[in-house]
Structures are given as structure tokens and as C-alpha cells.
Amino acid sequence: MHGIEDAQVNVPLRNDPLLQPYDLKHLRLKNRLMSTAHEPAYSEDGMPKERYRLYHAEKAKGGIALTMTAGSAIVSRDSPPAFGNLHAYDDAIVPWLSELADACHEHGCAVMIQLTHLGRRTGWNKADWLPVLSASPVREPAHRAFPKEAEDWDIERIVADYASAAQRMQAAGLDGIEFEAYGHLMDGFWSPLTNRREDAFGGSLDNRLRFTWQVLDAVRAAVGSQFIVGMRLVLDEDKQNGLARETGIEIAQRLKASGKVDFLNIIRGTIETDAALTKVIPITGMASAPHLDFAGEVRAATKFPVFHAARISDVATARHAIAEGKLDMVGLTRPHMADPYIANKVAASEEHRIRPCVGATYCLDRIYEGGEALCIHNAATGREATVPHVISRSDGPLRKIVVVGAGPAGLEAARVAAERGHSVTVLEAASQAGGQVRLAAQNARRKELIGIVDWRLAELEHLGVTVRYDIWAEPDDVLALDPEVVVIATGGLPQNPGLEAGDELVTSSWDIVSGAAKPAETVLLYDDNGGHQGMSAAEMIATSGSALELVSPERFFAPEMGGMNHVPYMRAFHEHGVRVTINTRLKKVAREGNKLVATLASDFASGWSEERRVDQVVVEHGTAANDELYHALKPLSANGGAVNYEALVSGGDIFARRNQNGCFTLLRIGDAIASRNIHAAIYDGIRYALRF
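Residues numbered from 1 in each chain as written. Predicted model: local features only at pLDDT ≥ 70, side-chain atom pairs only at ≥ 80, totals over all residues. Heavy atoms only, no water.

A tally of helices and strands in the protein chain yields 23 helices and 27 strands. Relative to a compact globule of 692 residues, whose C-alpha radius of gyration would be 26 Å, the protein chain shows 27 Å and is just as compact. Oriented by its inertia axes, the alpha-carbon framework of the protein chain measures out at about 75 × 65 × 45 Å. Among the 692 residues that make up the protein chain, the fraction classed as buried is 60%. Residue pairs in contact within the protein chain that sit at least 24 positions apart in sequence constitute 72% of those at least 6 positions apart. Of the roughly 26,400 Å² of accessible surface on the protein chain, a fraction of 48% belongs to carbon and sulfur atoms. In the protein chain, 72 side chains carry a positive charge and 89 a negative one; their mean positions are 1 Å apart. (Helix = DSSP H or I, 4+ residues; strand = E, 2+ residues; numbered from the N terminus. Rg over C-alpha atoms; globule rule 2.2 N^0.38 Å. Buried < 20%, exposed > 50% of the residue type's maximum accessible area, 1.4 Å probe, protein only. Contact = heavy atoms within 4.5 Å. Areas by Shrake-Rupley, 256 points an atom, 1.4 Å probe, with all protein chains shown as cover. Lys, Arg positive; Asp, Glu negative; His and termini not counted. Charge placed at Lys NZ, Arg CZ, Asp CG, Glu CD.)

Quick look at the structure:
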């Protein structure tokens, strides 16, 4: 990646449509790439402090023309944060945003922010415990609050709040703002689904737009005519009785004609349920850029600046969007989480080295489940203070490193160590790299995950790293390479849940996903791990035509997986008649003729049990560490495998010598320690390799 960091503002522009500048009012954007507004939940006390600033500054370093912060910053107290939203109603935000803007402007990147009142898309039982409101008292399923109908005095104060929030953003030195109008308060007045009012704010389109005009008039009075003001807005709810495409186009044309708005950022669909949300923000296995043509239709109808982002996950599609005149600015938002250096790599003719977004949507699922955004295979995103995106060469002695295992942890450790300048050899037992990622990609719907592996293999080839396959490494194989550091990344092997009897009768989820075992006619799948592993096996069993019952001991199934990834699994389950049983534990399995009898038990009712007679019982209970090689090498190592965790987190030597006769440092990472996930494996790989 050397050279990419500096390939930014002064790179001579070629004929690439993505690299052409764009003039938005008085603001010149240096290229056509942007990151649309989203809330990574990195805020502290509602403020965009260091973590938030560094996240956006990294994209600025990477050459992006415009980074849109917040998703969305809230303008009023009775719009409490749903997922870490910034507090645009608080004067304290101004200096923090000013620092963020300065950090991005330093690299020629414009900065805007999205402002909103969340309306019904939040909860009343948080922050100040104020009532949730909307255009009408129509409940949003996702956040479950029953809103009150906004009264005249509510509308007056919220309009004033929008204006004062816009003034704060202007005072912070931002280049512009956009208002959120999809699933929030503003478009709640537009849609027949959420506006049942009979007063001056309901009924005709003129009335339903009245609140919007009041906000725009107040904001323009506050910030003037030259400050850039845009709108991210739904123009087709794609739902029966919802806001229709024709009405949406008319709204867009009215906004243009008003002269009060400078750009439109197009959305199609609704976001009030997980299933609806994935149509707006598709995940892996779903269509690429599903709303791009619609955005192009809006641009053609309005002849007005149009931005858009919705699973435009590769440079080729982004280039097409600009070249064909569908968009003026193209949003690659999740892709910039995977690789903030997209623009610089395009400019440096290293497009092939862009780390791909694989659509896993680990980022958004974490946010919606109350965590912060993390990319499934870029562990530096959101950790810019401690983990670099651009790996620098070591200023210490260069070492000979052996990595055993070419799953995500091993490949990442090898990549980072090689970038540091070390000599790296990878030993892999299988004939192909990838480990459990390759296994997960056997589900055809999730085949894009293989990009996690393919990108790292390409980087290792670029770095001259040798990967030796079909080697089940023994201690002598490792020692023969005379290593100074040995990284055990051998992953894990499937393990059964604790059964009273019948261990030998069950089939692992791995066997189903890999194809080693075919689904039988009737199947019970017991999943007490709760992640993609069991759900993927269930999906593959269901779509094969088997009659399936999925059993979980949890209050709800698949608790380790977020709502957006839940959607395609549930679709398959409904389409194929899968029976889902929760709060139930698999106790034992026995054979009865040519059937298996699964005995189910309850954690809640002592003595309760039921039996199922099926052809096959599949189990998912995570993995047991494949650590035999680690324990064999441990007494021969200098550090005895020990890691100083305090030093790992805070700095210092993480490998203290414990064995004076040991001649190499030993480390194990990923599932070779314990069953975790892809992101944990990759984070292990990079944070340890940075210390070599």
C-alpha cells in the first residue's frame, strides 16, 4: 500500500469520470466520490470527539471529495438518540465539529452533516424520557414507540430547532447540511401511511409539505442563501398506499423550483422493519445498486444535482453511475468502511488493490443492535487512534515469521507482517486458503464473503509471501523454517453441545454447509451458538427441500446476528415452511429403527420434555480450538505462548521471555484460542502483527 497515502489532491486527473471535479454551488468537489451520512455510533456524550474525527479524517486522507457526517444529528431534545446520534441541539458540538472539519479540509475533503428530528424512529424510554411524536400517532415497528400527534407548539419549536442547529453547523465551518426525510419526522408528514391529519398539515400535498417549507424558510433565514442545504429524501416508498413515485418526483421538482435546496440525495423504500430496511440498504446476496436507475430517473426529471448510495459497492458500478449521467455524486459508504483509500487507489491506478466491501453488513447490524460500526474485515475502521489503515515498515529488526493457518486470522497476520518488512511463510493444511470464511461462502447467497480471502491472497502475492498448501504442520515442519516468530492460526473444529447421550448420532453444521453430509428428508437443527453458522446450515437444509425444525435455547433465535442479516434467513424459512422453536434445549438423541429420536427439555419447567422423530439431527455449538500444535510448541518458545494483555492494549513489550532456552516467540490468534467471529480473527491478526 506504500505510496497510496500521498496519491491525493495533486494527482493529475485522467479521463476517469470518478476523478472529475464537480461544482455544487460555490463548492468545488475534487472528484465524484462521497460517503453518505451514517451514524457509526462513535460519539461520546453526543459529541464527535477524537474517534469520530479520526474516522472521517482517514477517508479525507484517502482522497474522498465529500464526507457526510452523522446519520442523523438530532435537532431537538425530544428526538433522543436511537443509535449514538450527535446532539445538533447543543452548542457544545460546535468546537468538536470545527476540529473535524479542519482535519478533513486539510486533505481537500468537504464536510457536511445530516440533520433531523427522528420523529417516531426512536424510543421514549431513553435520554430525557420525553414523548415521541410524529405527524400522526402511527407506531413504527422497528422502535416500537407509540407517538403522539405533533401539536402546533411542537411544530413551532421544532422548526426553530432546525434553524438553530443549522446555524451551529455553519458556525463550525462545515460546507453544508442535508435534512433527513426518510422514515423520520419530515417525511412522516409527506406519506399517506403516516399522515392522517385533518388540519393544515394533512390531506393535500400542499398541506403535507407545509412543515418542510417552514423548516426550509427558517433555516434559510438563519444561514442565508449561500450556505449549501440539501435533502436526503424518500421519493418512492414502494409500498401499497405509501408515497408513490409520481408524487415523489413532484416533491423533487417543487424542491428544485423553490430555490431553497441545492441537492437531492435519493432514497427509495421504507425502513420501519428489518425486511424493509434491507430493500433500502441491501446486504450480501441481494441485488447490487437496486435503486440507481430510479435515482437517474429523478435526475433526468429534475435536471438537478442528485446524490445516491445503496449498495453501490464497487468502483465499476460507481463509474457507470457518473458516466451515464445517473448521478452527480456517488456514495460508496460501506465500501469506504472497508477501504477509506478508494479514491487514491483509483487515482494511482491501483484499483485492483481496493479492499472490497463484501456486503456482510456487520457494520450496520452492530449499530442497530446497540454497538458501534465495525467492518467485518477492516479492523482499523473505528480504531484509527491505535490501528493504522496504511501499514508502515518496522523500524526494528526484521524477523523470519511462520504463520500456521491461512484462515482470516492467519492471512491478516501474514499480510500485516509482510507490510512491516518481515519475511513471512504461511503453512496451510488444506489445498485452499480461507478456513471458515471459505466454508461460509459455500452458502451461495453469501459467496461474496470469499472476497475477504481473495483480497488477502492477492496482497500476499503482491508482497512476495509464500503460502504452502496441503501441509498439516507438525513441530518439526515449523522448526525447520528456523522462525523467530510463530503464529498459530489453526482455527477451530466443530464441537457438539453437551448432550446426555447421542453424540455419535448427530451431524455438524459444518458437514451440511460443506456438502459432506446431505440434508435428510426430516431434520431437526439445534443451534445454541446463535450466529451465521447454524442459520446458514438451516437455510441450506430448508432450500434443499427438507422438512426442518430449528430449535434454540434462547429467547429469540440467532442472537449473535443482527436484524438485517436475519432478513434473508427468515425469508427462506417462511418460503420453505421451517418450524422455529425457541426456549428449548436438546437433551439427548437416540436411534429408533431408521429414525432418530431427539429429546427436548426446558430450562423453565423442570421435568418438561418432548420428543421429535426425524431422519437427521444437526447441531451447531461453535468450535473447539485446534490447538495441538500450539501446545506442542509452547515449551520450546521463549515466551511460553504468554501475552501481556495490558501492554497489548496500552503499549509496551507484549512478549516477555519466560524460557531462557526458547529461540522463537509463540502466539496463537483467532479461533485457535476460542470460538469467535471473522472480525475478531482479523483484529487479532493485525494488532499482533503490528507489534512484530
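So that's the structure; there's more coming.
Locating R612 in the fold gives a position in strand 24 (residues 609-614). R612 sits in the buried class, given a relative accessible area of 12%. A polar contact of 2.7 Å, which involves the side chain of R612, links it to the side chain of E549. (Polar contact = N/O pair within 3.5 Å; in protein donor to acceptor, adjacent residues only side chain to side chain.)

The next thing to look at is the nonpolar core. I113, L115, I177, F179, W190, F211 and L233 are the most contacted members of the largest nonpolar core, which totals 99 residues. With seven residues, helix 3 (residues 152-171) is the single largest residue contributor to this core. Contact partners of F179, with chain neighbours within four places excluded, come to L115, Y162, M186, V215, L216, V219, V229, G230, M231 and R232. Of all hydrophobic cores here, the second largest spans 50 residues; its members include V416, V465, V485 and L690. (Core = buried A, V, L, I, M, F, W, Y, C linked by side-chain atoms within 4.5 Å.)

Our focus in this paragraph is the UniProt feature "domain: NADH:flavin oxidoreductase/NADH oxidase N-terminal" (unreviewed entry) in the protein chain. Within the UniProt annotation, "domain: NADH:flavin oxidoreductase/NADH oxidase N-terminal" (unreviewed entry) is assigned to residues 18-348. Its end C-alpha atoms 13 Å apart, residues 18-348 is made of 37% helix and 17% strand. (UniProt positions renumbered as here; feature names shortened; annotations may be inferred.)

Take the pairing of strand 8 (residues 176-181) next. Burial analysis of strand 8 places six of its six residues in the buried class, the great majority of the element. The side-chain alternation of strand 8 yields two buried faces, one formed by G176, E178 and E180 and the other by I177, F179 and A181. Pairing of strand 5 (residues 110-116) with strand 8 involves four bridges; the strand directions are parallel. Bridged to Q114 within strand 8 is E178. The pairing of strand 8 with strand 9 (residues 228-236) spans six bridges and is parallel. Bridge pairing in strand 9 links I177 to V229. (Pairing = 2+ DSSP bridges.)

Taken domain by domain, the protein chain comprises domain 1 (17-370), domain 2 (400-493 + 625-690) and domain 3 (496-621). Averaged C-alpha coordinates put domain 2 and domain 3 at centres separated by 32 Å. In this complex, domain 2 contributes nine residues to the contact, which on the side of domain 3 involves ten residues. Of the roughly 890 Å² buried where domain 2 meets domain 3, counting both sides, 54% is carbon and sulfur surface. Elements represented by at least two residues in the side of domain 2 that touches domain 3 include exactly helix 15 (435-440) and strand 17 (492-494). Split by residue class, the side of domain 2 that touches domain 3 holds two nonpolar, four polar and three charged. (Domains from an automatic or database assignment. Buried area = accessible area lost by both parts, 1.4 Å probe. Nonpolar A, V, L, I, M, F, W, Y, C, P; charged D, E, K, R; others polar.)

What follows concerns the sheet that holds strand 19 (residues 522-527). Taken together, the five strands give an open sheet; going across it, the order is 18-25-19-20-21, and neighbouring strands pair in parallel fashion. Each of the sheet's edge strands pairs with one partner strand only, and the pair in question is strand 18 (507-508) and strand 21 (579-581). Pairing analysis gives five bridges linking strand 19 to strand 25 (residues 616-620), with the strands arranged parallel. Pairing of V523 across the sheet is with Q616, part of strand 25.

It is worth spelling out the packing of helix 14 (residues 408-419) against helix 23 (residues 678-689) at this point. As a packed pair, helix 14 and helix 23 sit with axes 7 Å apart at the nearest point and diverge in direction by 25 degrees. If you check the angle between helix 14 and helix 23, you find them roughly parallel. Helix 14 and helix 23 meet at a crossing whose hand is right-handed. Between helix 14, through P408, A409, E412, A413, R415, V416 and A417, and helix 23, the contact on the second element is made entirely by I678, A681, I682, G685, I686 and A689. For the contact of helix 14 with helix 23, the class distribution of residues is ten nonpolar, one polar and two charged. (Axes fitted to C-alpha atoms, helices over the stretch in contact; angles between N-to-C directions. Parallel < 35°, antiparallel > 145°, perpendicular 65-115°, else oblique. Left-handed = near helix turned anticlockwise from the far one by under 90°.)

Another point: the sheet that holds strand 14 (residues 423-427). The sheet built from five strands is open, its strands ordered 15-14-13-16-27 with parallel pairing. Two strands lie at the open edges of the sheet, namely strand 15 (466-468) and strand 27 (665-668), each paired on one side alone. Across this sheet, the average inter-strand angle for adjacent strands is 15 degrees, counted without regard to direction. Pairing of strand 16 (residues 485-488) with strand 27, which is carried by four bridges, proceeds in the parallel orientation. Pairing of V486 across the sheet is with L666, part of strand 27. Where helix 14 meets the sheet, its contacts fall on strand 13 (400-404), strand 14 and strand 16, and the angle it forms with strand 14 comes to roughly 165 degrees.

This part is about the UniProt feature "domain: FAD/NAD(P)-binding" (unreviewed entry) in the protein chain. The feature "domain: FAD/NAD(P)-binding" (unreviewed entry), as annotated in UniProt, sits at residues 400-655 in this numbering. The span residues 400-655 carries 31% helix and 25% strand; its end-to-end C-alpha distance comes to 16 Å.

Interaxial distance between helix 3 and helix 6 (residues 210-223) falls to 8 Å at its minimum, and their mutual angle equals 40 degrees. Relative to helix 6, helix 3 is oriented so that their crossing is right-handed. Of the residues in helix 6, those touching helix 3 at I155, I158, V159, Y162, A163, A166, Q167 and Q170 are F211, Q214, V215, A218, V219, A222 and V223. When the residues that make up the contact of helix 3 with helix 6 are grouped by side-chain class, the tally is twelve nonpolar, three polar and no charged.

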